[in-house]
There are 2 protein chains.
Amino acid sequence: MRFTVKRDELVKGLNSASRAVSSKNTNPVLATLKFDLNEEGLFVLGSNGDYAIRTKIPYKDSDGNDVIRNYEFGSVLINSKIVCEIARKTTGEELTFEVLDSTVVNISDSKKAEYQLNCIRSEEYVDFDLETEGTSFELPTSLFAKIVEQTAFAASTKDQRPILTAVNLEAADGTLTATATDSARMARKTTTINPDLTFSANIPAKILVEIEHLAEGSESVSCYINSRRALFTFGDTIVSTSLISGEYPNTKNIVPKVTNYTLEVNAKDLISSIEGAVVLNEDNKESAVELFMSPEAVDITSRSQQQGSSKLKVEPFRFEGQNFRVAFNSQFVIQAINAVGSEDVTFLFVGEMKPFVVKNNSDDSIVEVVTPVRTY
Amino acid sequence: MRFTVKRDELVKGLNSASRAVSSKNTNPVLATLKFDLNEEGLFVLGSNGDYAIRTKIPYKDSDGNDVIRNYEFGSVLINSKIVCEIARKTTGEELTFEVLDSTVVNISDSKKAEYQLNCIRSEEYVDFDLETEGTSFELPTSLFAKIVEQTAFAASTKDQRPILTAVNLEAADGTLTATATDSARMARKTTTINPDLTFSANIPAKILVEIEHLAEGSESVSCYINSRRALFTFGDTIVSTSLISGEYPNTKNIVPKVTNYTLEVNAKDLISSIEGAVVLNEDNKESAVELFMSPEAVDITSRSQQQGSSKLKVEPFRFEGQNFRVAFNSQFVIQAINAVGSEDVTFLFVGEMKPFVVKNNSDDSIVEVVTPVRTY
């Protein structure tokens, strides 16, 4: 195996594929990237065992200039961290890779730098299903990003109930529903989809966030889902991830159907008041604040036995209902407001300890639900 | 005690004084800032017990506009982290502080935000010597910064031998000499000073770095040194630090007097070759590299049993001597080159295991010495 590749293009490819490689992995094979040069181009594949990212570096760029030249097909596994550092730190325009025997690869910039790296035979790499098969649909990248941004943050980051670390994607009756919940709050986003599609898949939330970043700049994201894995393609990149097994909790009845109190406020102003109130509990990012509402005034307050108390006005506001008080995790509500993504945000309350809704008046496709907390 | 202060000016003052407060301190008094309003202005003092920073916020700005108004003299201790957060996160133009009784202070922006904070009587604060007394001299801030930048990095960051965490400042015969060494390398910078001055003081290197940052933008730094502490003033700020006791090691004879090999190279090119070589040992920032020199070529090489080897040319170069090889801590040499601060850098070698000199051909005031390491 041998090739000379434009360093810029290589760096771009490595930056994507290496994101799947975990530095904590104890399996030396999973610390490598798989380089595979065939008639289509140079494929670079990285994985942590649960998910994989593969990018293709084509022979020619969009202007028809050589990106890869002087080549001989083959494949090899090279330590991800080191090959990335070499590509980033060398200064030449091109890098030449040459596998000397199956255990040593020579990398040089033909001027200043030369490396002899230990490598691993490509046959030892983990086998990944990267076939674009299964139930498939395509979304504009901007819509895919919205779906991820408006839901993924609400998934759990704890491993106690793995199913809650997923975003559930469900297609039925022409609607694609993305749902995330960590059991204390829920985010749901709906969009229309081909009515022939019916599936439900639990996709790790953090992989969706990763894909959202990687897909930036591409036009659309294609998704292929089967019973074991979800596969996403965009530009020259494929991301494959195992699904999280198990039945996703039923969240259909979490959104309350009645409303006893309605509050409409400016999103930025409310966030600034919440952030101002929690300065007393700086060490606890998820500290609770209380929201007091009356037809005359809306206040955010916070108390800390050690430090004192804070009270911040929320102005202007529109409130319907009688005097009402609710306490909530400050971080949850800030994230819900940001996910709603509108200038003004509406809160619908049922009662002091009942889940409440955070929504955008002009966009019913997104709904955020937060469960209050007790304060004494 | 009561005052209304421009929030911008308060934030500036807090940003300086709070830098001396350690979040790890278990003494609750040292988690506070001391606010002291008297006829000169509002003094804000922070400390970790070993050093202290005090800034003054004057009543009027340079245009004669009110910075502090509606005041009543007094002093109080307020939690540093919380008062800083309040000053940064509130949005009003002014903040009003009012000590209600000696244990509660009310802070409000008179519009949106109001805080009732627990506070501590100012009498409980640690007593610091902030009198501008002792042997004194003044340096332009740019020269003070150079002295710190060219030496402090070479001090030890480990507490085993506290004296090595200092920069030794010595005045004798009209020369001010700053020396730092962690015993494997040394940095020395000299400058002229009033010939009447004679002193030697071991000042914590990290405090000097702190002062260098804080003094940015001021014209000069005045230093007052007595047997126990060093005090630095610039603009409206005073920094006081305990000296490190003990005799500073004799470094007079570390700079070799003979030279058997001389290498002159471009500073940036050498750094890029060293950084390119150490990618094989990414996890060890201080990994050793070898420098091979001959009249024909100069190479930086590195080896890792696990990963392989690297070889990077250094070009162009000027070398005087026979074939010669030396191995060194890559980080030490990169820092020495950066401290020398010139486009081209000169290395003077005596022998394979003898300390070598890194210097700037056109500036004899700065000399860096590095001890080689053994590699096999």
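Bear in mind the structure is a predicted one, so any value in this text is a computation, not a measurement.

Caption draft 1: Local environment of the relation of the copies chain A and chain B. Once turned by 180° and shifted 0.0 Å along the axis, chain A lies on chain B with an RMSD of 0.0 Å. A rotation of that kind, with that shift, is consistent with a two-fold axis. Closest approach to the rotation axis within chain A is made by the C-alpha atom of Lys-24 of chain A, at a distance of 15 Å.

Caption draft 2: Structural detail: the sheet that holds strand 11 (residues 135-140) of chain B. All names here are of chain B. An order of 10-6-2-3-4-18-17-16-11 is seen for the nine strands of this open sheet, with the pairing classed as antiparallel. In this open sheet, the two edge strands, each paired with only one partner strand, are strand 10 (120-121) and strand 11. Note that strand 3 (residues 41-47) and strand 4 (residues 51-57) share six bridges and pair antiparallel. Along strand 4, the bridge assignment pairs Leu-45 with Arg-54. On top of the sheet, helix 2 (residues 80-89) reaches strand 2 (32-38) and strand 6 (74-79); it is set at about 95° to strand 6, its chief contact.

Caption draft 3: Structural context of unusual backbone geometry. Residue and element names in this part refer to chain A. Note the cis peptide between Glu-315 and Pro-316, where omega equals -10°. With respect to the secondary-structure elements, Pro-316 resides in the loop between strand 22 (308-313) and strand 23 (317-320). Even without a glycine there, the phi angle at Asn-70 is positive, about 55°. Here Asn-70 shows up in strand 5 (residues 68-72).

Caption draft 4: Quick peek at the interface of chain A and chain B. Taken together, the 33 residues of chain A in the interface contact 33 residues of chain B. Taken over both partners, the interface formed by chain A and chain B buries close to 2,800 Å², and the fraction arising from carbon and sulfur atoms is 48%. Three residues stand out in chain A for area buried against chain B, namely Lys-112, Val-279 and Gln-307 of chain A, and they jointly supply 22% of the buried area on that side. The interface formed by chain A and chain B holds two salt bridges in total. In this structure, Asp-269 of chain B and Lys-112 of chain A form a salt bridge, with 2.6 Å as the shortest nitrogen-oxygen distance. Between the two partners, chain A and chain B, sit 20 residue pairs in polar contact (both at pLDDT 80 or more). Contributions of two or more residues to the side of chain A that touches chain B are made by helix 2 (80-89), strand 9 (113-118), helix 5 (267-277) and strand 22 of chain A. Class assignment for the residues of the side of chain A that touches chain B results in nine nonpolar, 12 polar and 12 charged. One ladder, built from five bridges, connects strand 22 of chain A with strand 9 (residues 113-118) of chain B; its direction is antiparallel. When the bridges of strand 9 of chain B are listed, Lys-311 of chain A appears paired with Glu-114 of chain B.

Caption draft 5: Structural detail: the environment of Ser-273 of chain A. Mapped onto the elements, Ser-273 of chain A comes out in helix 5. The buried category is assigned to Ser-273 of chain A, whose relative accessible area is 0%. Separated by 40 residues in sequence, Ser-273 of chain A and Lys-313 of chain A place their C-alpha atoms 6.9 Å apart. When sequence neighbours within four positions are dropped, the list of residues in contact with Ser-273 of chain A reads Ile-300, Leu-312, Lys-313 and Val-314 of chain A together with Lys-112 of chain B.

Caption draft 6: Inspection of the side chain of Glu-264 of chain A at higher detail. Residue and element names in this part refer to chain A. Secondary-structure assignment places Glu-264 in strand 19 (residues 261-266). For Glu-264, the side chain forms a polar contact with the side chain of Arg-318, separated by 2.8 Å. Looking at Glu-264, its side chain comes within polar contact range of the side chain of Asn-361, at 3.4 Å. Leave out the neighbours within four places in its chain, and Glu-264 touches Phe-317, Arg-318, Asp-344, Val-345, Thr-346 and Asn-361.

Caption draft 7: Inspection of the packing of aromatic side chains at higher detail. Under the counting rule described, the total for this entry stands at 27 aromatic pairs over all chains. Taken together, a centroid distance of 6.1 Å and an interplanar angle of 40° make the contact between Phe-347 of chain A and Phe-356 of chain A tilted. Each ring, one from Phe-328 of chain B and one from Phe-356 of chain B, has its centre 5.8 Å from the other, and the planes form 55°; the classification is tilted. In this pair, Phe-328 of chain B sits in strand 24 (residues 324-329) while Phe-356 of chain B sits in strand 26 (residues 356-360), placing the two residues 28 residues apart along the sequence. Three or more aromatic residues joined by ring pairs form one cluster here, namely Tyr-261, Phe-319, Phe-324, Phe-328, Phe-347, Phe-349 and Phe-356 of chain B.

Caption draft 8: Representation of the state of the cysteines. Residue and element names in this part refer to chain B. Applying the stated criterion across every chain, the model contains zero disulfides over all chains. For Cys-119, which is in no disulfide, the shortest distance to another cysteine sulfur is to Cys-84 and amounts to 16 Å. You can call Cys-119 buried: its relative accessible area is 9%.

Caption draft 9: Quick look at the environment of Ile-366 of chain A. All names here are of chain A. Along the chain, Ile-366 turns up in strand 27 (residues 363-370). On the basis of relative accessible area, Ile-366 is assigned to the buried category, the value being 1%. Spatially, the C-alpha atom of Ile-366 lies 9.9 Å from that of Thr-177, the residues being 189 residues apart in sequence. Among residues more than four places away in sequence, those in contact with Ile-366 are Gln-150, Arg-188, Lys-189 and Lys-359.

Caption draft 10: Structural detail: the pattern of salt bridges. Residue and element names in this part refer to chain B. Going through the model one piece at a time under the given rule, you end up with 38 salt bridges over all chains. For Glu-72, the salt bridge is made with Arg-2, and the minimal N-O distance between the two is 3.6 Å. Of the two residues, Glu-72 sits in strand 5 (residues 68-72) while Arg-2 sits in strand 1 (residues 2-6), which places them 70 residues apart along the sequence. Across the pair Glu-290 and Arg-325 runs a salt bridge, and its minimum N-O distance is 2.6 Å. Of this pair, Glu-290 sits in strand 20 (residues 288-293) while Arg-325 is found in strand 24, placing the two residues 35 residues apart along the sequence. Across the pair, exposure class does not vary: Glu-290 and Arg-325 are buried alike.

Caption draft 11: Structural context of the pairing of strand 22 of chain A. Residue and element names in this part refer to chain A. Of the two faces of strand 22, only one is covered, namely that formed by Gly-308, Ser-310 and Leu-312; the face formed by Ser-309, Lys-311 and Lys-313 stays uncovered. In this structure, strand 21 (residues 298-304) lies alongside strand 22, joined through six bridges in antiparallel fashion. Along strand 22, the bridge assignment pairs Thr-301 with Lys-311. In this antiparallel pair of consecutive strands, strand 21 and strand 22, the connection spans three residues.

Caption draft 12: Local environment of helix 4 (residues 205-215) of chain A. Residue and element names in this part refer to chain A. Judged by how many residues are buried, helix 4 sits mostly within the fold: eight of 11 residues are covered. Those residues of helix 4 that sit buried are Ala-205, Ile-207, Leu-208, Glu-210, Ile-211, Glu-212, Leu-214 and Ala-215. The first or second residue beyond helix 4 is Gly-217, which carries a positive phi of 95°.

Caption draft 13: Structural detail: the sheet that holds strand 8 (residues 104-108) of chain B. Spatial ordering of the open sheet is given by 24(A)-20(A)-21(A)-22(A)-9(B)-8(B)-7(B)-1(B)-5(B), a layout of nine strands whose pairing is antiparallel. Lying at the two open borders of the sheet, with one neighbouring strand each, are strand 24 (324-329) of chain A together with strand 5 of chain B. Direction aside, the axes of adjacent strands within the sheet are offset by 15° on average. The sheet contacts of helix 5 of chain A involve strand 20 (288-293), strand 21, strand 22 and strand 24 of chain A together with strand 9 of chain B, and relative to strand 21 of chain A the element is tilted by about 20°.

Conventions used here
Residues numbered from 1 in each chain as written. Chains lettered and ligands numbered in written order. Predicted model: local features only at pLDDT ≥ 70, side-chain atom pairs only at ≥ 80, totals over all residues. Heavy atoms only, no water. Least-squares fit on C-alpha atoms with pLDDT ≥ 70 in both. Pairing = 2+ DSSP bridges. Helix = DSSP H or I, 4+ residues; strand = E, 2+ residues; numbered from the N terminus. Contact = heavy atoms within 4.5 Å. Axes fitted to C-alpha atoms, helices over the stretch in contact; angles between N-to-C directions. Buried area = accessible area lost by both parts, 1.4 Å probe. Salt bridge = Lys/Arg side-chain N within 4 Å of Asp/Glu carboxyl O. Polar contact = N/O pair within 3.5 Å; in protein donor to acceptor, adjacent residues only side chain to side chain. Nonpolar A, V, L, I, M, F, W, Y, C, P; charged D, E, K, R; others polar. Buried < 20%, exposed > 50% of the residue type's maximum accessible area, 1.4 Å probe, protein only. Phe/Tyr/Trp six-rings, centres within 6.5 Å; stacked < 30°, edge-to-face > 60°. Disulfide = S-S within 2.5 Å.

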